[in-house]
Amino acid sequence: FLLLAILAFNYLQAYRFAKDSFYERLEEKALDVANFSSKDIAIRKLQNPQRRNLSLPSEEIYVFDSASLIHYYGKGEWKPEQGLLNLLKTNGRIETAEGRREILGFILNANGRRYLILASAIDEVGRSKLANLAWSMLFSFLIFQVFVVLAGFYLSKNALEPIQSVISQVKNIT
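Residues numbered from 1 in each chain as written. Predicted model: local features only at pLDDT ≥ 70, side-chain atom pairs only at ≥ 80, totals over all residues. Heavy atoms only, no water.

**Q** Whenever I open this one, the overall build of the protein confuses me. Can you help?
**A** Helix and strand content of the protein: 5 helices and 5 strands. Each helix and strand of the protein, placed in order from N terminus to C terminus, yields the pattern α-α-α-β-β-α-β-β-β-α. The buried share among the 174 residues of the protein stands at 32%. Of the contacts formed within the protein by residues at least 6 apart in sequence, a portion of 54% connects residues at least 24 apart. Accessible area for the protein stands at about 11600 Å²; split by element, carbon and sulfur atoms hold 61% of it. (Helix = DSSP H or I, 4+ residues; strand = E, 2+ residues; numbered from the N terminus. Buried < 20%, exposed > 50% of the residue type's maximum accessible area, 1.4 Å probe, protein only. Contact = heavy atoms within 4.5 Å. Areas by Shrake-Rupley, 256 points an atom, 1.4 Å probe, with all protein chains shown as cover.)

**Q** What is the right way to look at helix α4 (residues 82-91) in this model?
**A** An α-helix turns once per 3.6 residues; consequently, residues spaced three or four apart project the same way. For α4, the set of buried residues is L84, L85 and L88. Taken around the axis of α4, the buried residues stretch over an arc of 100 degrees, which confines them to a single face. Looking at the buried residues of α4, the elements they touch are β1 (60-65), β3 (93-98), β4 (101-110) and β5 (113-122). One or two positions beyond α4, positive phi appears at G92, with a value near 85 degrees. (Arc of directions from axis to C-beta.)

**Q** How should the nonpolar core be read in this particular structure?
**A** For soluble globular proteins, the rule of thumb is that nonpolar side chains tend to be buried together. L26, A30, V63, F106, L108 and I117 are the most contacted members of the largest nonpolar core, which totals 18 residues. Where this core is concerned, the elements lending two or more residues are α1 (2-37), β1, β4 and β5. Among the elements that make up this core, the one with the highest residue count is α1 (6 residues). Beyond its immediate stretch of four places on either side in the chain, L108 contacts L31, A34, N35, R113, R114, Y115 and I117. Listed in part, the 10 residues of the second largest apolar core include F64, L84, I103 and L116. (Core = buried A, V, L, I, M, F, W, Y, C linked by side-chain atoms within 4.5 Å.)

**Q** Honestly, a nonpolar patch on the surface in this entry has me stumped. Any pointers?
**A** Among the surface-exposed residues, V146, V149, L150 and F153 lie close enough to one another that they form a single nonpolar patch of about 410 Å² accessible area. Given a relative accessible area of 59%, F153 falls into the exposed group. (Patch = residues over 30% accessible without salt bridge, like charges linked within 9 Å, V, L, I, M, F, W, Y side chains within 5 Å. Salt bridge = Lys/Arg side-chain N within 4 Å of Asp/Glu carboxyl O.)

**Q** Where do I start with the side chain of S120 in this structure?
**A** Relative to the assigned elements, S120 resides in strand β5. Polar contacts involving the side chain of S120 include one to the side chain of R101, which spans 2.8 Å. Residues in contact with S120, not counting those within four places in the same chain, are L26, S58, E59, E60, W78, R101, E102 and I103. (Polar contact = N/O pair within 3.5 Å; in protein donor to acceptor, adjacent residues only side chain to side chain.)

**Q** Please explain unusual backbone geometry as it appears in this structure.
**A** Look at S68: it is not a glycine, yet its phi comes out positive at around 70 degrees. Mapped onto the elements of the fold, S68 is located in the loop between β1 and β2 (70-73).

**Q** Looking at this model, I keep getting lost on the sheet that holds β1. Mind explaining?
**A** Sheets are built from strands that pair by backbone hydrogen bonding, the pairs being arranged parallel or antiparallel. Read from one edge of the open sheet, 5 strands run β2-β1-β5-β4-β3, paired in antiparallel fashion. Unpaired on one side and paired on the other, β2 and β3 mark the two borders of the sheet. For this sheet, the mean angle separating the axes of adjacent strands, direction not counted, is 15 degrees. Strand direction decides the pairing type here: β1 and β2, joined by 3 bridges, are antiparallel. Residue pairing across strands places Y62 opposite Y73, the latter belonging to β2. (Pairing = 2+ DSSP bridges. Axes fitted to C-alpha atoms, helices over the stretch in contact; angles between N-to-C directions.)

**Q** Would you mind going over the pattern of salt bridges with me for this structure?
**A** Think of it this way: side chains of opposite charge can pair up when their charged atoms draw near. As enumerated under the stated definition, the model contains 4 salt bridges in all. Between R93 and E27 there is a salt bridge whose closest N-O contact spans 3.2 Å. With R93 in strand β3 and E27 in helix α1, this residue pair connects regions lying 66 residues apart in the sequence. Between E102 and R127 there is a salt bridge; the shortest N-O distance is 3.0 Å. Remark: R127 occurs in helix α5 (residues 124-173) and E102 occurs in strand β4; sequence separation between them is 25 residues. Residue classification places E102 among the buried positions, given a relative accessible area of 11%. Using a relative accessible area of 35% as the deciding quantity, one classes R127 as partly exposed.

Coordinates in, geometry out; function isn't part of it.
This is the structure in structure tokens:
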């Protein structure tokens, strides 16, 4: 079961890396939108920050001021609840999930103002890669187990052969 423990450890490391990487991409995207939304409203109407960078699946970004008034929001497929904003105000940074949706929240100080940023998306690529990794690890584990069982039979047979030889010699003597 040492192999199983090693595979589980490797999977957890890959999971942690994929999650951290996704939150970094989500934060970069949110910062791009937040910096954009803190500028003049006339400029905001001329450009769409979501078209400047590759969007994440089901991406939603909200920018609130310190009074929880919305300055920017995405497509509106996901709407943050007030409790999430309160948690962000209390903790200063949050990383959580609602079902398959990953949610990142942080506070940004810009232009002498305080903004609450909530960004969310679904990490389809990361989840797909982790699922593939899990299947390949399971397959490798099963193949290794078959190899260990076959090697055990072969080695036990060879280890018992000298004893069988002694038993047959004793039978020939008597």
